Amino acid sequence: MTHRNIFYTADQIVTENHIDGYLYGAELKGNGGIQSEDMSGKSEHNAIVLVRRGSITFVMNGEEHCIRSLEMKGIPNWATIESVRCSTDFHGCIIEACDELLMDIFRNNNPLPLDSLYRLSVNHDVLRLSRKECATMFTDMRNIISALGEKRHHFLNELSYAYLYIFTADLASIIWDRHGNGIPDHTLEISRSSIIFQQFLELLGNNIETTRRIAFYAEKLCISKQYLSLIVKEMTGETIGKVISKVRAEKALRMLTRTDLSIKQIADLLSFPDQSTFGKFFKQQFGKSPVRYRENITKKLRM
């Protein structure tokens, strides 16, 4: 199976390797000789893009994004990507991983602070790096790409997983510097608050379409509403109502990338009383109506 990329052209590839359906990596240079506006669609997997030099600009879900020198950004697999343009001096790496692999890394093994994971997953911000941090992450990504090329290795999946874990551990250290609290606990014990917060986010992701009542989630976790609200505030610095609204808005974004669902159907699926209420909520979150947002992300498909 050939890997489908939507971020770059063949002319830009310095090195690339992959394991089908599992993990993919490429080192890239230059603009490929074209402005790749004809490249559009959705990535097969979740991607992480690191820019060592130059810049890469693209439209994600109707909004223009730019990753510049010494910056890193995650691209979710549900996002629609269009109009990818790289500067002539562009040099960077991209790693793509399937959901199952990332879930195993992040949920079971990675020391990333849970509150940081929440902030990164919701906001999709670029991560600004120092030159030393960028050099570390770039080396880690190159090592992943190299490991993926060891096709005769009897434990290729385990080898590439090990290098991906090193990459995420280095990323964890950088994120901890920005969002962590105190010194990371390297024992197997996880605080009760962290466990409850993780369980809450999982419940929220699975049930946001049907309910946003705090009492529902507190009851599922066998704790009081007050205690759950306190934990969420402690972990994120935000009220539980705001966190629920952000996850609900994120779900709306994902649904709007699906052209088989009308806006009224999305409003119904997310338990809004009517389309007008959904529209007001969406505009409050993103500054534009769901109609305008969808027009932006489907414009090229209608041309």
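The shown structure was predicted, so the numbers you read here are calculated from the model rather than taken from an experiment. (Residues numbered from 1 in each chain as written. Predicted model: local features only at pLDDT ≥ 70, side-chain atom pairs only at ≥ 80, totals over all residues. Heavy atoms only, no water.)

Structural notes on the confidence of the model for the protein chain
Turning to step 1, where the next piece is worked out: When the pLDDT values of the protein chain are averaged, the result is 82; 82% of them are 70 or greater.
Turning to step 2, where the next piece is worked out: Across the protein chain, the secondary-structure element scoring lowest on mean pLDDT is helix H2 (residues 114-123), at 51, and the one scoring highest is helix H3 (residues 131-148), at 96. (pLDDT = per-residue confidence, 0-100. Helix = DSSP H or I, 4+ residues; strand = E, 2+ residues; numbered from the N terminus.)

A word on the pattern of salt bridges
Turning to step 1, where the next piece is worked out: Tallying each qualifying case throughout the model produces six salt bridges.
Turning to step 2, where the next piece is worked out: Across the pair Arg-142 and Glu-27 runs a salt bridge whose closest N-O atoms are separated by 2.9 Å. Taken together, the residues Arg-142 in helix H3 and Glu-27 in strand S2 (residues 23-29) connect sequence positions 115 residues apart.
Turning to step 3, where the next piece is worked out: In this structure, the salt-bridge partner of Glu-71 is Arg-128, at a minimum N-O distance of 3.8 Å. A residue pair is termed long-range when its members are at least 10 positions apart, and Glu-71 in strand S7 (residues 71-75) and Arg-128 in strand S10 (residues 127-128) qualify at 57 residues.
Turning to step 4, where the next piece is worked out: With a relative accessible area of 45%, Arg-128 lands in the partly exposed category. (Salt bridge = Lys/Arg side-chain N within 4 Å of Asp/Glu carboxyl O. Buried < 20%, exposed > 50% of the residue type's maximum accessible area, 1.4 Å probe, protein only.)

Quick word on the nonpolar core
Turning to step 1, where the next piece is worked out: Counting 30 residues, the largest nonpolar core has Leu-23, Leu-50, Met-72, Leu-101, Leu-129, Met-137 and Phe-167 as the members making the most contacts within it.
Turning to step 2, where the next piece is worked out: Discounting chain neighbours no more than four positions away, the residues touching Met-137 are Leu-50, Met-72, Leu-129, Phe-167, Asp-170, Leu-171 and Ile-174.
Turning to step 3, where the next piece is worked out: By size, the runner-up hydrophobic cluster in this structure holds 20 residues, among which are Ala-26, Val-51, Met-60 and Val-84. (Core = buried A, V, L, I, M, F, W, Y, C linked by side-chain atoms within 4.5 Å. Contact = heavy atoms within 4.5 Å.)

A short note on the environment of Glu-64
Turning to step 1, where the next piece is worked out: Here Glu-64 shows up in strand S6 (residues 63-68).
Turning to step 2, where the next piece is worked out: With a relative accessible area of 54%, Glu-64 lands in the exposed category.
Turning to step 3, where the next piece is worked out: As for Glu-64 and Ser-83, which are separated by 19 residues in sequence, their C-alpha atoms are 9.0 Å apart.
Turning to step 4, where the next piece is worked out: When near neighbours in sequence (up to four residues on either side) are disregarded, Glu-64 contacts Thr-57, Phe-58, Val-59 and Arg-85.
Turning to step 5, where the next piece is worked out: Here Arg-85 takes part through its side chain, which lies 3.3 Å from a polar atom of the side chain of Glu-64. (Polar contact = N/O pair within 3.5 Å; in protein donor to acceptor, adjacent residues only side chain to side chain.)

A short note on the sheet that holds S7
Turning to step 1, where the next piece is worked out: The strand order S1-S2-S9-S4-S7-S10 describes an open sheet built from six strands, whose pairing is antiparallel. Each end of this open sheet is capped by a strand with a single partner; those strands are strand S1 (13-19) and S10.
Turning to step 2, where the next piece is worked out: Sheet analysis places strand S4 (residues 46-53) next to S7, joined by five bridges and oriented antiparallel. The residue bridging Ile-48 from the neighbouring strand is Gly-74, located in S7.
Turning to step 3, where the next piece is worked out: Contacting S1, S2, S4, S7, strand S9 (91-97) and S10, H3 crosses the sheet at an angle of about 55° to S9. (Pairing = 2+ DSSP bridges. Axes fitted to C-alpha atoms, helices over the stretch in contact; angles between N-to-C directions.)

Examining the packing of helix H5 (residues 192-207) against helix H7 (residues 225-236)
Turning to step 1, where the next piece is worked out: In the contact formed by H5 and H7, the axes pass within 10 Å of each other and the chain directions differ by 100°. Compared by their axis directions, H5 and H7 come out roughly perpendicular. In contact with Arg-192, Ser-193, Ser-194, Ile-196, Phe-197 and Phe-200 of H5, H7 contributes Tyr-227, Leu-228, Ile-231, Val-232, Glu-234, Met-235 and Thr-236.
Turning to step 2, where the next piece is worked out: Looking at the contact of H5 with H7 residue by residue, the class counts come to eight nonpolar, three polar and two charged. (Parallel < 35°, antiparallel > 145°, perpendicular 65-115°, else oblique. Nonpolar A, V, L, I, M, F, W, Y, C, P; charged D, E, K, R; others polar.)

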